[in-house]
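Here are the chains, one letter per residue:
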Amino acid sequence: MDSEEETLYDDIDSGNESSGDDVDFAMDVESSNPIERTADTDEYPFEVLSTEEIVQHMVDCIKDVNTVVEIPATTTRILLNHFKWDKEKLMERFYDGDQEKLFTEAHVINPFTKTSALIKNRPQIKTNATEECGVCFMALPASMMTGLECGHRFCTSCWGEYLTTKIMEEGVGQTIACAAHACDILVDDANVMRLIKDSKVKLKYQHLITNSFVECNRLLRWCPSPDCNNAIKVQYVESKPVTCKCNHTFCFNCGENWHDPVKCRLLRKWIKKCDDDSETSNWIAANTKECPKCNVTIEKDGGCNHMICKNSCKTEFCWVCLGPWEPHGSSWYNCNRYDEADAKVARDAQEKSRAALQRYLFYCNRYMNHMQSLKFENKLYSSVKEKMEEMQQHNMSWIEVQFLKKAVDILCLCRQTLMYTYVFAYYLQKNNQSVIFEDNQRDLESATECLSEYLERDITSENLADIKQKVQDKYRYCDSRRKVLLEHVHEGYEKDWWDYLE
Amino acid sequence: MAALPRRIIKETQRLMQEPVPGISAVPDETNARYFHVIVTGPEDSPFEGGLFKLELFLPEDYPMSAPKVRFITKIYHPNIDRLGRICLDILKDKWSPALQIRTVLLSIQALLSAPNPDDPLANDVAELWKINESEAIRNAKEWTRRYAMDN
């Protein structure tokens, strides 16, 4: 049994191991991940598994079952797959139910009765006789013919071609049936590995097997980051953030980026809505705007929301609300709140639908704005990195300049939280608590924009002492406001404050 | 064009030597993978007495993938559409390389005897077949007479 597993998995692809270490903006290897550092809420245990570890985990699952149930490991794998890798369910059915029915449902021959099946299905074979292969119609010596326990025999080269077609053309791994017509007995790993000669096909087969192992196992999820071959393993499914070795943090339950405070269900609904609406209008709304004074079209490619029109008019305005910038610097900051009273002005049906679209665009706009800004913060990471290196050459210690990276970390976290607060707010019905939520949102947003502006400014070794204090104060404030906002929403979930517009 | 695989040569030879009653399949003179097929309508079916022309093509990776078969003669049948495309499991996901031209054509003939309106391809036909079977059968007979019986 062990040797069978080795033939299946010994030349498994080692995957793109390098991808985790050379992420552009990783500043220092020893610096901790921003999400991990703030994972101060309740513990959610998880493990990151590499491709090899996934295979090992699969082999362990099979062995676990096999210590109790004594059947070939390859049959166990088919059975486990049939039960979506739920060992308990398999055991329960194996010992409590009708075993014959179980094997039939899983499309395998009962290993306890297979010798009789073999004899029944091919009584006429003599070692020196030739048989005709039903696929290539060649008369071949019996030694070149082979088949599964169901007794349907074809020549080894037709088997190889058949399996290759299934794997390479149709992408089938777990459920390749016998080549005979109307026979649903599944081909097991050992036979696949024995009959396929091409290592490329073998590798694809291994990928298909591990992929379906991860896909149908509730406690496993592939890291959704492109080019990452790791999977996350948890002990129970919950909507919680998990961070892969490649540094990507996502929600285990839905696979999206970690989206606190909004819940998976509403986020899925939101994403679907965004996809349904015209891409072009979304793009134009999210990526370009006109200067409120001279009407020149502007595409924002980085930086904070404090805009200064470069088209000689020099108007200072807010990128989000296009209003003058001046009030944003003070407590007048009020561009995160959509005024429901204004929406009610809509009189007839047409105006209503227009208002709905505008309402959607209002939230979508702010959601997209933070998403865009979040993408640009990668640039900020590299420019901040340069600054930090420069400062260290000017007699500053490594520890003294770390606040800059920390500030960008917090900025990103705040943007991400803010981004999802707009999804939450879009579906939220107005009540006293929603007003408090919007206040929290506004406060966090204005502080975040302020922090962003500080970081965009020229920070040099001359003004460092002055700005360091400001930046540190601001990011501490942002961080604490972010926590306050999230805790308030979580409290609302517990106390059932939130009503949704759906 | 690549040499014809032994399987296709042998299958064609056997098809010529031991033809299936009620079915003829002749390879095209210029393309050995293309067959001109005639299936006679089975007895006790609305297609009785009709001669139905079909075309059959063996794709490059035959027998690993199924032959492509299509009715050329118009036929009123819930599992065959206006273009003559056939809804038959063995031509799709239930294909096995152990099946042959012979078995495929026999299955098609059997489909004529036993239409399956619950798995339809031609929706309007299947609908009528379910609501008013006798009228559907009358239509099928009429179409057989009109399209499958001249010459």
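What you are looking at is a predicted structure, and each value in this text was computed from that prediction instead of being measured.

Next up on the list: the overall build of chain B. Broken down by element type, chain B carries 4 helices and 4 strands. Reading the helices (α) and strands (β) of chain B from amino to carboxyl end gives α-β-β-β-β-α-α-α. Taken over 151 residues, chain B has a buried fraction of 45%. Sequence-distant contacts in chain B: of pairs separated by 6 or more residues, those separated by 24 or more amount to 54%. As displayed, chain B has an accessible area near 8100 Å², and 51% of this comes from carbon and sulfur atoms.

Before going further, it helps to examine the overall build of chain A. What chain A contains, in helices and strands, is 17 helices and 13 strands. Summarising the internal contacts of chain A: among those between residues at least 6 apart in sequence, 61% fall at separations of at least 24. As displayed, chain A has an accessible area near 25700 Å², and 49% of this comes from carbon and sulfur atoms.

In this description, an aromatic ring pair is defined by two values, namely the gap between the centres and the angle between the planes. Residues and elements named next belong to chain A. What the rule picks out here adds up to 27 aromatic pairs over all chains. On the numbers, 6.1 Å between centres and 75° between planes, the contact of Y360 with Y426 is edge-to-face. Of the two residues, Y360 is situated in helix α14 (residues 349-393) and Y426 in helix α15 (residues 398-427); the sequence distance between them amounts to 66 residues. Residue classification places Y360 among the buried residues on the basis of a relative accessible area of 2%. Ring centres of W497 and W498 lie 6.0 Å apart, and the angle between their planes is 90°; on these two criteria the pair is classed as edge-to-face. Like W498, W497 is buried.

Turning next to the UniProt feature "active site" (unreviewed entry) in chain B. Residues and elements named next belong to chain B. The UniProt feature table records "active site" (unreviewed entry) at C87. Relative to the elements of secondary structure, C87 occurs in the loop between β4 (68-71) and α2 (101-113). The residues touching C87, leaving out its near neighbours within four places in the chain, are N79, K92, L111, D119 and L121.

Let's shift gears to the sheet that holds strand β3 (residues 51-57) of chain B. Residue and element names in this part refer to chain B. The antiparallel open sheet is built from 4 strands, whose spatial order is β1-β2-β3-β4. Of all strands in the sheet, those with a lone pairing partner are β1 (23-27) and β4, marking the two edges. On average, adjacent strands in this sheet sit at an angle of 20° to one another, irrespective of strand direction. Pairing of β1 with strand β2 (residues 34-40), which is carried by 5 bridges, proceeds in the antiparallel orientation. Paired with I23 across the two strands is V39, which belongs to β2.

Within the element layout of this structure, A:S239 appears in the loop between β7 (231-234) and β8 (241-243). Measuring from C-alpha to C-alpha, the distance between A:S239 and A:C251 comes to 5.9 Å, with 12 residues separating the pair along the chain.

Residues and elements named next belong to chain B. Residues with a pLDDT of 70 or more make up 97% of chain B, whose mean pLDDT is 90. Here helix α3 (residues 123-131) is the element of chain B with the lowest mean pLDDT, 84, and β3 is the one with the highest, 96. ipTM for the predicted complex: 0.85, alongside a pTM of 0.65.

Let's shift gears to the pairing of β3(B). Residue and element names in this part refer to chain B. Here β2 pairs with β3 via 7 bridges, running antiparallel. Its bridge partner being in β3, H36 is matched across the sheet by E55. Taken together, the 4 bridges between β3 and β4 define a ladder with antiparallel strand orientation. Within β4, the residue paired with L56 across the bridge is V69.

On to the interface of chain B and chain A, then. Interface size, as often reported, equals the accessible area lost upon joining of the parts. Between chain B and chain A, the contact holds 14 residues from the first and 14 residues from the second. Taken over both partners, the interface formed by chain B and chain A buries close to 1200 Å², and the fraction arising from carbon and sulfur atoms is 63%. Here chain B and chain A share 1 salt bridge between them. Of the charged contacts in the structure, one is a salt bridge between A:E132 and B:R14, with a shortest N-O distance of 2.5 Å. By residue class, the composition of the side of chain B that touches chain A is 6 nonpolar, 2 polar and 6 charged.

Moving on, we get to the nonpolar core. Residues and elements named next belong to chain A. C133, W159 and L163 are the most contacted members of the largest nonpolar core, which totals 58 residues. For this core, the elements supplying multiple residues, two or more each, are α3 (51-68), α4 (73-82), α5 (87-96), α6 (99-105), β5 (153-155), α8 (156-169), α9 (189-195) and α10 (199-216). Of the residues forming this core, the biggest block, 7 residues, is contributed by α10. Other than its neighbours up to four places away in sequence, L163 contacts I176, V187, V192, L195 and I196. Core analysis: the next-biggest nonpolar cluster, separate from the first, contains 55 residues, V384, C412, L418 and L486 among them.

Right, let's talk about α4(A) for a bit. Residues separated by three or four positions in an α-helix point in the same direction, a consequence of the helix having 3.6 residues per turn. All names here are of chain A. Counting buried residues in α4 gives 9 out of 10 residues, a clear majority hidden from the surface. Here α4 has its buried residues at A73, T74, T75, T76, R77, I78, L79, L80 and N81. A positive backbone phi angle near 50° is found at K84, which sits one or two residues after α4.

This brings us to α10(A). Residue and element names in this part refer to chain A. An ideal rise of 1.5 Å per residue puts 26 Å on 18 residues; α10 measures up with 26 Å between its terminal C-alpha atoms. When we look at burial in α10, the residues that qualify are V201, K202, Y205, Q206, L208, I209, T210, S212, F213, V214 and C216. Capping the start of α10 is the job of one residue whose side-chain oxygen sits 2.9 Å from the backbone nitrogen of K200: D198.

All names here are of chain A. Across the sheet, 3 strands lie side by side as β1-β7-β6; this open sheet has antiparallel pairing. Single-partner strands in this sheet number two, and they are β1 (46-49) and β6 (220-222). Across the sheet, the mean angle separating the axes of adjacent strands is 25° when strand polarity is ignored. Pairing between β1 and β7: 4 bridges, direction antiparallel. Note on β7: the bridge partner recorded for F46 is V234. Most of the contacts of α3 go to β1, to which it runs at about 110°, and overall it touches β1, β6 and β7. Of the strands in this sheet, β6 and β7 are in contact with α10, which crosses β6 at around 120°.

Conventions used here
Residues numbered from 1 in each chain as written. Chains lettered and ligands numbered in written order. Predicted model: local features only at pLDDT ≥ 70, side-chain atom pairs only at ≥ 80, totals over all residues. Heavy atoms only, no water. Helix = DSSP H or I, 4+ residues; strand = E, 2+ residues; numbered from the N terminus. Buried < 20%, exposed > 50% of the residue type's maximum accessible area, 1.4 Å probe, protein only. Contact = heavy atoms within 4.5 Å. Areas by Shrake-Rupley, 256 points an atom, 1.4 Å probe, with all protein chains shown as cover. Phe/Tyr/Trp six-rings, centres within 6.5 Å; stacked < 30°, edge-to-face > 60°. UniProt positions renumbered as here; feature names shortened; annotations may be inferred. Pairing = 2+ DSSP bridges. Axes fitted to C-alpha atoms, helices over the stretch in contact; angles between N-to-C directions. pLDDT = per-residue confidence, 0-100. Buried area = accessible area lost by both parts, 1.4 Å probe. Salt bridge = Lys/Arg side-chain N within 4 Å of Asp/Glu carboxyl O. Nonpolar A, V, L, I, M, F, W, Y, C, P; charged D, E, K, R; others polar. Core = buried A, V, L, I, M, F, W, Y, C linked by side-chain atoms within 4.5 Å. Expected span 1.5 Å × (residues − 1). Polar contact = N/O pair within 3.5 Å; in protein donor to acceptor, adjacent residues only side chain to side chain.

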